[in-house]
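# Structural overview for review
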Amino acid sequence: PPSSLVEGLLSGKTPLLEAISSTHFAAPFGLLSVGLLINMLLAVLLGRVAAVVLLLERDEILAGSIREACAQAKAAAAGGAGGGESSTDTDKTVVAVLGLAHCKGVAKRLTEG
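Residues numbered from 1 in each chain as written. Predicted model: local features only at pLDDT ≥ 70, side-chain atom pairs only at ≥ 80, totals over all residues. Heavy atoms only, no water.

Let us look at the environment of glycine 105. One can find glycine 105 in helix 5 (residues 100–112). Between the alpha carbons of glycine 105 and alanine 63 there is a distance of 8.6 Å; along the sequence they are 42 residues apart. (Helix = DSSP H or I, 4+ residues; strand = E, 2+ residues; numbered from the N terminus.)

Encoded structure:
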């Protein structure tokens, strides 16, 4: 029997292989696996698109906030310079802490203006 099983597997003539290849058994499971694969690919694609859109929107918001902070620091430095303070007291520095995913996008938006 073991040799006949091996021969059957090699020739494709075993009851199990014949049952799997029959239309009654293979069609529903074949459609299910193709449908499941399509659903998984669609979920991955939509998830990726949503993540990119959110990332781009957040980059724009962060860049705008940094520009606003720089403008406020510049205005504060210009307004305080006439009050008799030394130049070191009026120098303002803006520090922005960003996650790695936002660094390139925010830098690009800040340098483009």
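Turning next to the pattern of salt bridges. In this structure the tally under the stated criterion is one salt bridge. When the shortest N-O distance is used, the salt bridge between glutamate 60 and arginine 109 registers 2.9 Å. On the criterion of sequence distance, the pair formed by glutamate 60 in helix 3 (residues 23–80) and arginine 109 in helix 5 is long-range, its members being 49 residues apart. The exposure class of arginine 109 is buried, given its relative accessible area of 18%. (Salt bridge = Lys/Arg side-chain N within 4 Å of Asp/Glu carboxyl O. Buried < 20%, exposed > 50% of the residue type's maximum accessible area, 1.4 Å probe, protein only.)

Another aspect to go through is the environment of alanine 69. If you trace the backbone, alanine 69 turns up in helix 3. A C-alpha to C-alpha distance of 9.2 Å links alanine 69 and valine 95, two positions 26 residues apart in sequence.

A separate point is a nonpolar patch on the surface. There is a patch of nonpolar side chains on the surface, built from Leu42, Leu45, Leu46, Val49 and Val53 and spanning about 440 Å² of accessible area. As for its position among the elements, valine 53 is in helix 3. Judged by relative accessible area, which is 39%, valine 53 ranks as partly exposed. (Patch = residues over 30% accessible without salt bridge, like charges linked within 9 Å, V, L, I, M, F, W, Y side chains within 5 Å. Areas by Shrake-Rupley, 256 points an atom, 1.4 Å probe, with all protein chains shown as cover.)

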